[in-house]
Structure formats: structure tokens, C-alpha cells
Amino acid sequence: MDSHIYGVSKLLILLLSLSLTTAITSRSFSSTSGAGQINSNSVLVALLDSHYTELAELVEKALLLQTLEEAVGKHNITIFAPRNEALERQLDPEFKRFLLEPGNLKSLQTLLMFHIIPKRIGDREWPAQKSGSVKHDTLWNDNLHLTTTKGSQKKYVDSAEIVRPDDVIRPDGVIHGIERLLIPQSVQQDFNRRRSLRAISAVLPEGAPEVDPRTHRLKKPAAVPVGSPPVLPIYDAMAPGPSLAPAPAPGPGGPHHHFDGESQVKDFIQTLLHYGGYNEMADILVNLTSLATEMGKLVSEGYVITVLAPNDEAMAKLTVDQLSEPGAVEQIIYYHIIPEYQTEESMYNAVRRFGKIRYDTLRLPHKVEAQEADGSVKFGAGDGSAYLFDPDIYTDGRISVQGVDGVLFPEEVKDTTEKKPAAAVKKVVAKPRRGKLLEVACRVFGAFGQFNSCQ
């Protein structure tokens, strides 16, 4: 009995020593190699659980949690958190949509990192009024200026007032509540480039001068309203023929372009790649043809386009015969480009109101037909139809990309005039016709008996 108790106690001591050793080893390992681990008392956890729900949601959508965890593991941080009202009601809806678009992830990350300083600055460490403006670097290598006003002693970060100083305090950082969102200059410029620039007029074509036939003087160019589209149609700005040459012919406009079309085309192609399922379309635009360059020139001239992008599954159904002829790929893509700016909402409202809509394409003279079907927009007819599958993949005010689940082809015009068999023609022998004078003379001589008949 004693030996049994002694064996059990010895076993318990052994298990206890093993558990203590494991705990010490795991603690030492986490302290050496896990410097970026976040505990429940971290300022990041407090931010996600705080009343700054709008900011926390943007941080998660920007995929910044791992980056902020690494920053907290290295040093304390100071977060300037805008109020929920500033992000919900006081922010421009167009700017908020711009931040949440998949192609503008970098702009969203830049905006959020602009609100974080890799240093702990509490309310007591705030610079006094005598110190003036104190500059601090942000996590995105931008600068924020901390100031204190005279008299009221209000604290500001750049132009935003601190409304809740030291709102959240944790061992690895502090959160200050500010009245509005801070927007870095780089994000503002990026937004202005991508949105519809109504304050900038499109480049006017520089054609040959026109002469007034009445006065034999040069006509003065008509005043073009601000923000109006180019004077010439888009077909006059396109390169002649299929884009088989390495560099398409330039458009009719001058060298001073107000729109960066090449950057916008590059952005929407990158968006196609990140979106997934449209790699074939992106490969055709960039590698197999020079259509991406030509589209960039058109957008730089002030034109707008809507691209109906077939997905990879639809592209895989193309046959060798459909792609074998020279310029076949370009003609297929031209038929999927509409020289208008259309979104899912505008196209669906149009087909709901008017039934069938025929949109012009860059493949003259063919048009693509759209109609409502199954609560969506259907393009084409019959077996060659395609549905609007992934709407609004990319929209920036000048280029709109709509994903479709099929490759569209123009309808073949059939010759409905049937050749009728030639009717049997009766052979009529024309009798010689006498003149009026000869006929009267014949009757006179016949009366005197010199002619028996007038044959």
C-alpha cells in the first residue's frame, strides 16, 4: 500500500515538473520570437471593440491588421480616430465609394496609416502653445502637425480638432478622438484623377482650319462648354483598321491631355487580375494585341468607354476557326466595347423602360442588343447571348468594366431575297404597221377597183 502511494505521488511530481517546464519554455519563446503577438489588452483590440466602429471596419477592409500588429510589436502607437458621424454623414459619398473599390486598396491603406503615429503621444505630452506646430512622421512616411491654439487651448492634429483626448489608453498605445477624417494629399490627388472631372474640358481636336465661303476668312472655333465631350466621334480617333501594329496611330487631339488614360487602363486591367476569372481578357488587351494602348489614347482624348469583359470560362469556348483570321481577336474585342459610359444601374434601367436597347460598338457598323432577362441584362440573342454576370467590376467615371458570361458575335445578315424562276415569255410576232397616209391611199384605190385588198 505504501509503495503504491509513493508511486502515485512520484508520478504527480513528474507531471507537475513537465508542465512547469513547458510553460517556461513557451513563455521564453513568445518573448523572444513572438514580439509581434498581440494580447487582449492591446490598443488594436481596444480599437476593434471601441465605439469607433466605422474606422475599425475600414481597417479590416484595408487588410492592415497584420501590418499594425507588427508596428505595435516594435513600438507604441498613437491613433487619431474620426467619429462615426464624420465617416457616415459628413464624408462625400463619392469619395467613400472610391475608397471601397477593389482597385483603390492602396489609397485606403494610405489614408488609414496617415492617422497613426509610431510613437506614444498622450494628452500630457501634447506640445504647448509656445512650442508652435510640432511635426511627427506617420506609419506611411507622411507628416502630421500637432498644435495648440491660443486662448481656448484646443488641440489640433493638422486641421482636425481633438474632441476626445486620451479616449482609449493601453500599455502599447493611445487613441484620440478627432472631429473629422484626415485626408493626405496623395489620396486626394488620386481621387481627383479617377473621378469624372467636370471642371476640366476635353481636349479639342486640332484639325485643318475651316474657311467661311461667304467672307473667305477663317472660321472662329465655336466655344465648347466646360466638360463637354470631344467634338469628333470616337471612330475618328481610333487607329485605322485592326490594331496589328505595335503602336496604334495617335488620336486627333493635341499633346496636352487632361486625362491620364494609360494609367486608368492600367488600373482597370490590374483590377481584372485581382478580381479573378478575367485573366484571358487582360492577357489579350496587354500581350496579344495593342488594344490597351489604343484604349489609353482614346481615354486621354476625353472619350469614355464601357467594356463588356467575357470571363475565362467564356473565352475557353472560342474555337480555332474563330481566331484564325488576321485581326479576328481585335474585332471580337471591338464588338465588346461600347463608346458610352454605362453602369449596371443605367443599363438595367434602360432595358426596363424601353425593352430592347441597341448600343453602338467600336466594330462598325455592328451594334449589340440588350434586353431584360431574369432580373438582369442580357446581351445578344439566341445561342450567342451573354448575361451581365459580374456588374461594375471597375468604374472610374471614364472607363466602365462589366463582366459577362459569354463571348458576343454580331448577327449574320442573311440574304432574304429569293431568286424567282423566270416566267415563260410568250413569243409575239410583231406585225408590220402601216403609216396612216398609206392606209388611206390603199382604201381610195380599193374603192376604184385597182387593189383587191390592203395587205
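Residues numbered from 1 in each chain as written. Predicted model: local features only at pLDDT ≥ 70, side-chain atom pairs only at ≥ 80, totals over all residues. Heavy atoms only, no water.

- Under an unreviewed UniProt entry, the protein chain has the name FAS1 domain-containing protein and belongs to Tripterygium wilfordii.
- Checking UniProt for the protein chain, the heading Sequence similarities (unreviewed entry) contains the comment "Belongs to the fasciclin-like AGP family."
- Word for word, the UniProt comment on the protein chain under Subcellular location (unreviewed entry) is "Secreted". (UniProt positions renumbered as here; feature names shortened; annotations may be inferred.)

1. Comments concerning the sheet that holds strand β6 (residues 160–170)
At step 1: Ordered by their spatial adjacency, seven strands build an open sheet running β2-β1-β7-β6-β5-β4-β3, and the pairing between neighbours is mixed. The sheet is open, and its two edges are formed by β2 (116–117) and β3 (134–137), each paired on a single side. (Pairing = 2+ DSSP bridges. Helix = DSSP H or I, 4+ residues; strand = E, 2+ residues; numbered from the N terminus.)

2. Looking at the packing of helix α7 (residues 105–113) against helix α8 (residues 185–194)
At step 1: Their axes nearest at 9 Å, the elements α7 and α8 cross at an angle of 150 degrees. The orientation of α7 with respect to α8, classified from their angle, is roughly antiparallel. For the crossing formed where α7 meets α8, the hand is left-handed. Contacts between α7 and α8 involve S107, T110 and L111 on the former and, on the latter, S186, V187 and D190.
At step 2: In terms of residue class, the contact of α7 with α8 is made up of two nonpolar, three polar and one charged. (Axes fitted to C-alpha atoms, helices over the stretch in contact; angles between N-to-C directions. Parallel < 35°, antiparallel > 145°, perpendicular 65-115°, else oblique. Left-handed = near helix turned anticlockwise from the far one by under 90°. Contact = heavy atoms within 4.5 Å. Nonpolar A, V, L, I, M, F, W, Y, C, P; charged D, E, K, R; others polar.)

3. Section: the nonpolar core
At step 1: Counting residues in each nonpolar core, the largest one holds 34 residues, and the members touching the most others are F268, L285 and V401.
At step 2: Residue contributions to this core peak at five residues, all from helix α12 (residues 291–300).
At step 3: In this view, L285 contacts F268, I269, S290, L291, A292, M295 and I333; residues no more than four positions away in its chain are not counted. (Core = buried A, V, L, I, M, F, W, Y, C linked by side-chain atoms within 4.5 Å. Buried < 20%, exposed > 50% of the residue type's maximum accessible area, 1.4 Å probe, protein only.)

4. Side note on the side chain of N104
At step 1: Inspection of the secondary structure assignment puts N104 in the loop between α6 (93–100) and α7.
At step 2: Classification of N104 as buried rests on a relative accessible area of 2%.
At step 3: Once residues within four sequence positions are removed from consideration, N104 is found in contact with F98, L99 and R194.

5. Things to note about the packing of aromatic side chains
Aromatic ring pairs are described here by two measures, namely the spacing of the ring centres and the angle between the planes.
At step 1: Counting across every chain of the model gives six aromatic pairs.
At step 2: Look at F95 and F191: their rings are 5.1 Å apart centre to centre, the planes differ by 85 degrees, and that puts the pair in the edge-to-face class. Here F191 lies in helix α8 and F95 lies in helix α6, a separation of 96 residues in the sequence.
At step 3: By relative accessible area, F95 is classed as buried at 4%.
At step 4: Ring pairs connect the aromatic residues F95, F98 and F191, which therefore count as one cluster. (Phe/Tyr/Trp six-rings, centres within 6.5 Å; stacked < 30°, edge-to-face > 60°.)

6. Describing the sheet that holds strand β11 (residues 337–338)
At step 1: Across the sheet, seven strands lie side by side as β11-β10-β16-β15-β14-β13-β12; this open sheet has mixed pairing. Every other strand in the sheet has two partners, leaving β11 and β12 (356–360) as the edge strands with one partner each.
At step 2: Two strands pair when backbone bridges link them, and β12 and strand β13 (residues 367–373) are joined in this way by five bridges, in the antiparallel orientation. Across the sheet, residue Y359 finds its bridge partner in β13, namely V368.

7. Details of the environment of L182
At step 1: Mapped onto the fold, L182 is located in the loop between β7 (173–178) and α8.
At step 2: Classification of L182 by relative accessible area gives buried; the value is 4%.
At step 3: A C-alpha to C-alpha distance of 7.2 Å links L182 and A160, two positions 22 residues apart in sequence.

8. Here we look at helix α16 (residues 344–354)
At step 1: Those residues of α16 that sit buried are M347, A350 and V351. Down the axis of α16, the smallest arc covering the buried residues is 90 degrees, so these residues share one side. Turned more than 90 degrees from where α16 packs its buried face, E345, R352 and R353 sit exposed.
At step 2: At its buried positions, α16 is contacted by β12, β13, β14 (376–379), β15 (386–395) and β16 (399–404).
At step 3: In the stretch just after α16, G355 is the one whose phi turns positive, near 85 degrees. (Arc of directions from axis to C-beta.)

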